[in-house]
Amino acid sequence: MEEQNAVILVVDDEERIRRLLKMYLEREGYIIEEAEDGETALDMALNHDYDLILLDLMLPGIDGIDVCERLRESKATPIIMLTAKGEEANRVQGFEVGTDDYIVKPFSPREVVLRVKALLRRSSKTKFLETDTTAKNVLVFPHLTIDHDAHRVTVNQQEVNLTPKEYELLYYLAQSPDKVFTREELLKDVWNYEFFGDLRTVDTHVKRLREKLNRISEQAASMIVTVWGVGYKFEVVSD
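The structure contained in this document is the topic of the report that follows. Quick caveat, the model's predicted, so the values are computed rather than measured. Sequence order as written defines the numbering, with residues in each chain counted from 1. The predicted nature of this model means local features are confined to residues of pLDDT at least 70 and side-chain atom pairs, given and counted, to a pLDDT of 80 or more, with totals for whole chains, interfaces and linings taken over all residues. Excluding hydrogens and water, the side-chain values take into account all heavy atoms of the structure.

Our next topic: the pairing of strand S6 (residues 138–141). A 1.4 Å probe rolled over the protein chains alone gives each residue an accessible area, and that area as a share of the maximum for its type sets the label: buried under 20%, exposed over 50%, partly exposed in between. Secondary structure elements follow DSSP: runs of H or I of four or more residues count as helices, runs of E of two or more count as strands, with numbering from the N terminus. Covered by surrounding structure in S6 are Leu 139 and Phe 141 only, the residues Val 138 and Val 140 on the alternate face being uncovered. Pairing between two strands requires that DSSP report at least two bridges joining them. Sheet analysis places S6 next to strand S7 (residues 144–147), joined by 4 bridges and oriented antiparallel. Opposite Leu 139, over in S7, you have Ile 146 as the bridge partner. What sits between S6 and S7 in their antiparallel hairpin is a turn of 2 residues, with His 143 showing a positive phi close to 75 degrees.

Reading across the sheet, the 3 strands line up as S10-S12-S11 and stay open at both edges, with antiparallel pairing between neighbours. Strands at the two margins of the open sheet, each flanked by one partner only, are strand S10 (181–182) and strand S11 (224–227). Where S11 and strand S12 (residues 231–234) come together, 4 bridges link them in antiparallel fashion. Directly across from Thr 226, in S12, lies its bridge partner Tyr 232. Packed onto the sheet, helix H6 (residues 164–174) meets S10, S11 and S12 and runs at close to 70 degrees relative to S12. The contact criterion used throughout is that any non-hydrogen atoms of two residues lie within 4.5 Å. Only the stretch in contact is used when fitting a helix axis, every axis being a line fitted to C-alpha atoms; angles between N-to-C directions are given from 0 to 180 degrees.

See below:
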């Protein structure tokens with residue numbers, strides 16, 4: 001995918017917000033499709049392979065949290081949640097169901113464009129696949145390979161479909177085998193947010209990541225180790 005030609009689904013029940021986002025994003029060369037309610041958005045997202053979704057939290061019918069949760073059952077499409085609620089609980093809930101980034105209304109359209117560009121860069125899985133492969137940034141472990149240039153994870157030669165945030169969490173841990181990270185450190189460095197109190201979003205992402213790895217290899221899943229009372233670490237297992 002060429003980033004400039006990315007197809008983005010904008011989901012918001014306010015036409016003026018959809019129109020504003022569409023105008024700014026189309027200026028960057030993105031192709032924009034729209035939905036004004038959760039049911040329509042979910043149907044479109046399940047039946048089309050969007051490069052990114054801008055998803056409002058408060059929607060008629062099923063809300064953004066439900067849309068994200070149901071979409072994550074089968075797809076890893078990058079999602080940026082939009083909401084008028086700035087409370088921590090809503091932000092945590094969004095991350096728990098698989099949101100990759102979060103923008104609170106009222107927002108600057110320029111900020112949205114920058115966040116979209118950053119997430120598309122991080123989530124591009126094919127950006128380097130057909131270019132020079134001599135300088136690949138690859139982490140290789142027993143049962144598990146992380147190709148960071150391609151943002152691709154393979155377990156026993158089978159590709160694993162991870163969300164951008166699941167990928168970032170795995171890569172962050174795998175870069176420092178045996179180093180223990182607290183939940184607070186992971187929230188700060190992987191999510192770029194400071195949380196005070198509720199750290200369940202880390203546990204939820206670790207659980208989901210383990211489940212996806214375990215479908216192919218129990219050994220790969222077991223490399224993400226819980227350090228009770230502290231946090232998590234990546235521990236290399238031997239055959």
